[in-house]
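Fold and contact review
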Amino acid sequence: MKLKIAIVGCGANAKYAHAPAWIDLKTGRWEAPVTTAPKGVMEDLKCLLPPSYIPGISLEAVCGTRRRPERPKDLGRRYNARVYFDLDEMLKKEDIDILDVVTNPEAHCECVVKGLEAGCHVYCETPFAMTVEEAKLMVKTAEKTGMLLGYGENYRFSPHHLYLKYLIDKGELGEPSIISSFGHAATFHHRTDLMRYFGGEIISVYAEPTNAKNTIPPVIMKYESGAVGVITGVGMSWQHPMERIDYVGSKGRVTVDGIVGELTYYPNNTGLERKIILWKPTVFEQQDFGAAFRGALAAFADSVIKGVEPPVTGIDGLRYMQLRAAMEKSLEKKGPVKPY
């Protein structure tokens, strides 16, 4: 099946992440991780990873603005794609299957709605929208048109995140107790999504005010399961690991170090080993942050081909916007707030 792709938004994210990822999927240059892991882990992980080769992909067109005409021209030249400066024109002239929205967040809602109404499946980068109202409109438009709306939470597709979710869903870690996430402030929206991805639906949030410089107020989350989550962020150097996640269950604890880092299991059973490294990326994999982009785009494209709901949907984007709004309201109210 041929999948015709168009990108709207021609900045660095499109140039260095999305466009190369689409081409890698077309050519099959992306291979499954080669990391050494305990027996059985790699076999499980390979079943979780999205496809690495989708030969029907074709990057047909790119759309940018006349304020920075060199960007779409350069992107079109690099990938032999037709260049547009008006989204309406591109949607009218091109027969597009997937519209990849990589604009500034201020333009997400308009681009997503136009793409859906033009009969395209739409993949939207993070953050999803500017307001909860915009997010609701995007989701409602997808439901009305029957087109698929995917949300670009690529962190979910890092191998160690996929495997941690797999262990949670299998019940290997037992009943959830505490989930904590610390990392760079710039990754806060991604890690907020991961808190819900790993812990399930959140019933209240409480943001604690702080006077610390370059620090996002720590947020305490309560889950439907009864578990508790804590997330914060700080504007530290980009040389530091971008995230640290601890998931504690009744059967053990798992830690995640870095967006592309180690996954370590500490069983709550004295009869087992004290510490098990489930995932340790090679030096090359540590540098390959693009793997998460490829995985996210591959999963969405695979959903379009199969005609099934994508693993990360517009509802997930809406839930993030509702959580963020609840955090802001909690700071004003100085108390816990229901997010949705």
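What counts, and where the lines are drawn
- Residues numbered from 1 in each chain as written.
- Predicted model: local features only at pLDDT ≥ 70, side-chain atom pairs only at ≥ 80, totals over all residues.
- Heavy atoms only, no water.
- Helix = DSSP H or I, 4+ residues; strand = E, 2+ residues; numbered from the N terminus.
- Expected span 1.5 Å × (residues − 1).
- Contact = heavy atoms within 4.5 Å.
- Axes fitted to C-alpha atoms, helices over the stretch in contact; angles between N-to-C directions.
- Parallel < 35°, antiparallel > 145°, perpendicular 65-115°, else oblique.
- Left-handed = near helix turned anticlockwise from the far one by under 90°.
- Salt bridge = Lys/Arg side-chain N within 4 Å of Asp/Glu carboxyl O.
- Buried < 20%, exposed > 50% of the residue type's maximum accessible area, 1.4 Å probe, protein only.

**Remarks on helix α6 (residues 132-145)**
Residues lying three or four places apart along an α-helix face the same way, a consequence of the helix completing one turn every 3.6 residues. Between its terminal C-alpha atoms α6 stretches 20 Å, which fits the 20 Å expected from 14 residues at 1.5 Å a residue. Where α6 is buried, its residues touch α5 (108-117), β5 (121-124), β6 (149-151) and α11 (314-333).

**Focus on the packing of helix α1 (residues 12-27) against helix α3 (residues 70-79)**
Viewed as axis vectors pointing N to C, α1 and α3 meet at an angle of 25°, and their least axial separation amounts to 12 Å. As summarised for this structure, α1 and α3 are arranged roughly parallel, according to the angle between their axes. For the pair α1 and α3, the sense of crossing is right-handed. Contacts from A14, K15, A19, P20 and I23 of α1 reach α3 at D74, L75, R78 and Y79.

**Quick look at the pattern of salt bridges**
Counting across every chain of the model gives 23 salt bridges. Where E201 meets R196, a salt bridge forms, and the shortest distance between an N and an O atom there is 3.0 Å. Accessibility expressed as a relative area gives 11% for R196, which makes it buried. Among the salt bridges present, the one from R253 reaches D246, with a minimum N-O distance of 2.9 Å. In this structure, a network of salt bridges that share partners links the residues R156, D193, R196, E201 and D316.

**Description of unusual backbone geometry**
T126 connects to P127 through a cis peptide bond whose omega is -15°. Locating P127 in the fold gives a position in the loop between β5 and α6. Even without being glycine, N80 reaches a positive phi, approximately 55°. In this structure, N80 sits in the loop between α3 and β3 (82-84). Classification of N80 as exposed rests on a relative accessible area of 72%. Not every positive phi belongs to a glycine, and K334 is a case in point at roughly 60°. Structurally, K334 can be placed in the segment after α11. Judged by relative accessible area, K334 falls into the exposed class, the value being 67%.

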